Amino acid sequence: RATARVLVPSLAHGELLVRMGLPAANLVAVPPLVPVHLLPREPLSPPGPGKPLRVGAWGISDEAKGGALLREATRRLAGRVELVLAGHAVGEPEPGIEVHGTFAPEELQGHPVTDVHVAASGTIALESYGLVASEAQALGLPLVLPLAGAFAERFSEGEGVLFYEQGSAEGLAAVLERLATEPG
């Protein structure tokens, strides 16, 4: 007996199943319902002349979550951007890159990775939801995201979000440079 309906966490995941032969009519996109219990943080003052833009990225659990891409974009903007990473696969600190290991969810509210001007994702994975983006929004942080997967479905450019081409360190660096140099 054929499956009547298949629940998928995003339209992007549904498209993958269609490419594998599942009829599109059988798919129903149901985003995960993930409660986020965080309060907005007091925003940092904009970086002044000669001060770097602080960029936070957490949930860096493996290579697919984009730690290397975030590092490369930061290196391209040496001195203009500081990157704060947290997670299992953050690597070693280097000039302009501060690293923190894993943390308990209840520690995120006051964690150094969220004491930033903007949150960014360097993911090269096809995100099904993007919990980190929801956490950043709850904290009141603007987002820099790859235009792919659930991010493209859930967020709109200019509404506290700027997009770049997924996998492009150059594109990510361009967006971060814009944020570091443009007022407001």
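For the structure itself, consult the block above.
Quick caveat: nothing in here was measured; it's all calculated off a predicted structure.

Participant: I'm lost on the environment of A64 in this one. Help?
Facilitator: Counting through the fold element by element, A64 comes out in the loop between β3 (53-58) and α2 (67-76). Taking relative accessible area as the criterion, A64 reaches 28% and is therefore assigned partly exposed. For the pair formed by A64 and T123, sequence separation is 59 residues and the distance between their alpha carbons is 5.8 Å.

Participant: Even after reading the chapter, I still don't get the packing of α2 against helix α5 (residues 169-181), so can you show me in this structure?
Facilitator: To characterise two packed helices, one gives the angle between the axes of the helices and the distance between these axes. Running from N to C, α2 and α5 cross one another at 55 degrees; their axes reach a closest spacing of 8 Å. Taken together, α2 and α5 sit at an angle that is classed as oblique. The crossing of α2 and α5 is right-handed. In this structure, α2 contributes L69, L70, E72, A73 and R76 to the contact, and α5 contributes A169, E170, L172, A173 and L176. Its residues assigned to classes, the contact of α2 with α5 comprises 7 nonpolar, no polar and 3 charged.

Participant: Looking at this model, I keep getting lost on the environment of I124. Mind explaining?
Facilitator: Within the fold, I124 resides in the loop between β6 (118-120) and α3 (131-138). Spatially, the C-alpha atoms of I124 and S168 are 9.3 Å apart, while their sequence positions differ by 44 residues.

Participant: Looking at this structure, I do not really get the packing of aromatic side chains. What am I missing?
Facilitator: Across all of its chains, the model carries 1 aromatic pair by this definition. When the ring of F151 is compared with that of F155, the centres are 6.3 Å apart and the planes differ by 50 degrees; the resulting orientation is tilted. Side by side, F151 and F155 carry an identical accessibility label, which is buried. In this structure, R154 packs its charged tip against the face of Y129, placed 4.0 Å from the ring centre.

Participant: What exactly am I supposed to notice about the sheet that holds β6 here?
Facilitator: Adjacent strands of a sheet form backbone hydrogen bonds with each other and so pair up, either parallel or antiparallel. Pairing is parallel in the open sheet, where 6 strands are placed in the order β5-β4-β3-β6-β7-β8. Every other strand in the sheet has two partners, leaving β5 (97-100) and β8 (161-164) as the edge strands with one partner each. Pairwise comparison of adjacent strand axes, ignoring direction, gives a mean angle of 25 degrees for this sheet. Pairing between strand β7 (residues 143-146) and β8: 4 bridges, direction parallel. Bridge pairing in β8 places L145 opposite F163. Taken strand by strand, α3 contacts β3, β6 and β7, and its axis lies near 165 degrees from that of β7.

What counts, and where the lines are drawn
- Sequence order as written defines the numbering, with residues in each chain counted from 1.
- Where totals are concerned, whole chains, interfaces and linings use all residues; where local detail is concerned, this predicted model gives features only for residues with pLDDT of at least 70, and gives and counts side-chain atom pairs only at 80 or more.
- Think of the side-chain values as coming from all heavy atoms in the structure, minus any hydrogens and water.
- Counting from the N terminus, the helices are DSSP H or I runs at least four residues long and the strands are E runs at least two residues long.
- Remark: exposure states derive from per-residue accessible area (1.4 Å probe, protein chains only) relative to the maximum for the residue type, with buried under 20%, exposed over 50%, and partly exposed in between.
- Note on definitions: angles span 0 to 180 degrees between N-to-C directions of axes, and those axes are lines fitted to C-alpha atoms, for helices only across the stretch in contact.
- Throughout, the term roughly parallel applies to angles under 35 degrees, roughly antiparallel to angles over 145, roughly perpendicular to angles from 65 to 115, and oblique to all others.
- The crossing is said to be left-handed when, going from far helix to near helix, the turn is anticlockwise and less than a right angle, and right-handed when the turn is clockwise.
- Contacts are assigned to residue pairs that have any heavy atoms within 4.5 Å of one another.
- Throughout, the ten residues Ala, Val, Leu, Ile, Met, Phe, Trp, Tyr, Cys and Pro are labelled nonpolar, Asp, Glu, Lys and Arg are labelled charged, and all others, Gly among them, are labelled polar.
- Stacked, tilted and edge-to-face pairs are distinguished by plane angle, under 30 degrees for stacked and over 60 for edge-to-face with tilted covering the rest, among Phe, Tyr and Trp rings (Trp via its six-membered ring) whose centres lie within 6.5 Å.
- Both a distance and an angle decide whether a charge sits over a ring: NZ of Lys or CZ of Arg must be within 6 Å of the ring centre and within 35 degrees of the ring normal.
- Two strands make a pair as long as DSSP finds a minimum of two bridges between them.

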